[in-house]
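Analysis of the macromolecular model
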Amino acid sequence: MVPMTTTAVATGTPVVAFDQVSKVYGSVRAVDGLTLALHPGETVALLGPNGAGKSTTLDLLLGLKPADNGTVSVFGTSPREAIVAGRVGAMLQSGGLMDEVTVAELVKLGCALHPRPYQVSDVLARAGITQIADRKVNKLSGGQAQRVRFALATAGDSDLIVLDEPTTGMDVSARQAFWSTMREQAEQGRTVLFATHYLEEADAIADRVLVLHRGRLLADGTAAEIKAKAGARRVSFDLTGTIDEQALRALPFLTSIGVSGQTVRIQSSDADATVHALYGLGVYPRNLEVAGLGLEQAFVAITEAEEAKEATPS
């Protein structure tokens, strides 16, 4: 298979730039003064709860919707100009695939429409769909359809690849193969931006994580930095005998607690002080573990803290 190459050149111009961008639907601010920049070779995960503005942000980036305020640029031009030039490949959840055509026919069309197309056979092989090339698109499983969408997104030599929930419907092996291919894209200088609900994917794949909340950028950094921003650590231990959950809930710096049988799992903003106070209760924890939050727990902690702040009267 012919390796993919890229025409992206490292310059001072961001791949994507949002400058105070807003998009409003009635009383809902789907995107609220968003400012960010993406750079060549980055693999960026876009995270946020439902209604955070992820899909609207991608629509604005791709020129599918106009911004009400602010500017969006892609490679220093408008999104539409960048797409017409073939510099952007996109794999979106919305929109169906053509029925009553074969996978090969659809991919051939995608290649023919790209200004810098790859060979159809290479695109099929890269997406792992050579074996189903003669199958009608409307006969595909959900995971197979996702791989066809990926093939269309990479039908030509694009410098930016935008993915919206790309591995939905894929089994574990297909997801692993997909992300192996995406790592190759970034290594070749492409910028990869993906929105996902699989936070373990963001933790393992992305070298930068953006957390959106009600259309605003809540956090921006590496997965490790996002975890640190949550400002809490996980503490787990086992207790024998009767567990006094009320006493445990009174421990200092506790942010959450869960008890399952004899196992206690808590989150603390000062794990050292919490553990010290735990021993002060006269209990002796077994199998004590203290660790940083995973990306999923950090994401929940950050968004819940923001919700609590917004709910507090000023």
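1. With respect to the overall build of the protein
- Across its full length, the protein carries eleven helices and 13 strands.
- Principal-axis analysis of the C-alpha atoms gives the protein an extent of 75 × 45 × 35 Å.
- Burial statistics for the protein: of 314 residues in total, 46% are counted as buried.
- Intrachain contacts of the protein at a sequence separation of at least 6 include 69% that bridge at least 24 residues.
- Total accessible area on the protein stands at roughly 15200 Å², and carbon and sulfur atoms take up 51% of it.
- Treating the 28 positive side-chain charges of the protein as one cloud and the 35 negative ones as another, the clouds have centres 3 Å apart.

2. Some words on empty space enclosed by the protein
- Applying the stated rule across the entire model yields one cavity of 30 Å³ or more.
- Of the volumes computed, that of the largest cavity is approximately 40 Å³.
- Contributions of two or more residues to the lining of the largest cavity are made by β1 (16-25), β2 (28-38) and α1 (54-61).

3. Thoughts on the sheet that holds β2
- In spatial order, the strands read β2-β1-β4; together these three strands make up an open sheet with antiparallel pairing. Bordering the open sheet on either side are β2 and β4 (69-74), each of which pairs with just one other strand. Recorded for the sheet is a direction-independent mean angle of 25 degrees between the axes of neighbouring strands.
- Taken together, the seven bridges between β1 and β2 define a ladder with antiparallel strand orientation. Directly across from Val21, in β2, lies its bridge partner Leu34.
- Strand contacts of α1: β1, β2 and β4, with the helix running at about 120 degrees to β1, the strand carrying the most contacts.

4. Some details on the packing of aromatic side chains
- By the definition in use, this model includes three aromatic pairs.
- Summarising the aromatic geometry, the rings of Phe178 and Trp179 are spaced 5.0 Å apart at their centres and angled 85 degrees between planes, so their arrangement reads as edge-to-face.
- Here Phe178 falls in the buried class, since its relative accessible area comes to 4%.
- Every member of this aromatic cluster is reached through a ring pair, and the members are Phe150, Phe178, Trp179 and Phe194.
- Above the ring of Phe75, the side-chain terminus of Arg87 is found at 3.8 Å from the ring centroid.

5. Concerning the side chain of Glu165
- With respect to the element layout, Glu165 can be found in the loop between β6 (160-164) and α6 (172-187).
- Of the side chains with opposite charge, Lys54 comes closest to the buried, unpaired Glu165, at an N-O distance of 5.4 Å.
- Excluding anything up to four places from it in sequence, Glu165 contacts Gln93, Gln146, Ala195, Thr196 and His197.

6. Thoughts on the packing of helix α3 (residues 103-113) against helix α5 (residues 142-153)
- Across the interface, α3 lies against α5 with an axial gap of 9 Å and an inter-helix angle of 25 degrees. The angle between the axes of α3 and α5 places the two elements in the roughly parallel class. The handedness of the crossing between α3 and α5 is right-handed. For the pair α3 and α5, the contacting residues are Val103, Leu106, Val107 and Gly110 in the first and Val148, Ala151 and Leu152 in the second.

7. Focus: the pairing of strand β10 (residues 233-238)
- As paired strands, β10 and strand β12 (residues 263-268) are joined by six bridges and run antiparallel to one another. Its bridge partner lying in β12, Phe237 is registered against Val264.
- Judged from the five bridges that link them, β10 and strand β13 (residues 286-292) form a sheet pairing that is antiparallel. Residue pairing in the sheet places Val235 in a bridge with Val290 of β13.

8. Considerations on α3
- Here α3 has its buried residues at Val103, Ala104, Leu106, Val107, Gly110 and Cys111. Buried positions in α3, seen along its axis, are confined to an arc of 165 degrees and lie on one side of it. Structural note: α3 exposes Lys108, Ala112 and Leu113 on the side pointing more than 90 degrees away from its buried face.
- Among the structural elements, α4 (120-126) and α5 are those in contact with the buried residues of α3.

Thresholds, definitions, all that
Residues numbered from 1 in each chain as written. Predicted model: local features only at pLDDT ≥ 70, side-chain atom pairs only at ≥ 80, totals over all residues. Heavy atoms only, no water. Helix = DSSP H or I, 4+ residues; strand = E, 2+ residues; numbered from the N terminus. Buried < 20%, exposed > 50% of the residue type's maximum accessible area, 1.4 Å probe, protein only. Contact = heavy atoms within 4.5 Å. Areas by Shrake-Rupley, 256 points an atom, 1.4 Å probe, with all protein chains shown as cover. Lys, Arg positive; Asp, Glu negative; His and termini not counted. Charge placed at Lys NZ, Arg CZ, Asp CG, Glu CD. 1 Å grid on protein atoms, 1.4 Å probe; cavity = no way out; pocket = protein on both sides within 12 Å on 5 of 7 lines; lining within 4 Å. Points joined across faces, edges and corners; volume = space filled by probe spheres on them. Pairing = 2+ DSSP bridges. Axes fitted to C-alpha atoms, helices over the stretch in contact; angles between N-to-C directions. Phe/Tyr/Trp six-rings, centres within 6.5 Å; stacked < 30°, edge-to-face > 60°. Lys NZ or Arg CZ within 6 Å of the ring centre and 35° of its normal. Salt bridge = Lys/Arg side-chain N within 4 Å of Asp/Glu carboxyl O. Parallel < 35°, antiparallel > 145°, perpendicular 65-115°, else oblique. Left-handed = near helix turned anticlockwise from the far one by under 90°. Arc of directions from axis to C-beta.

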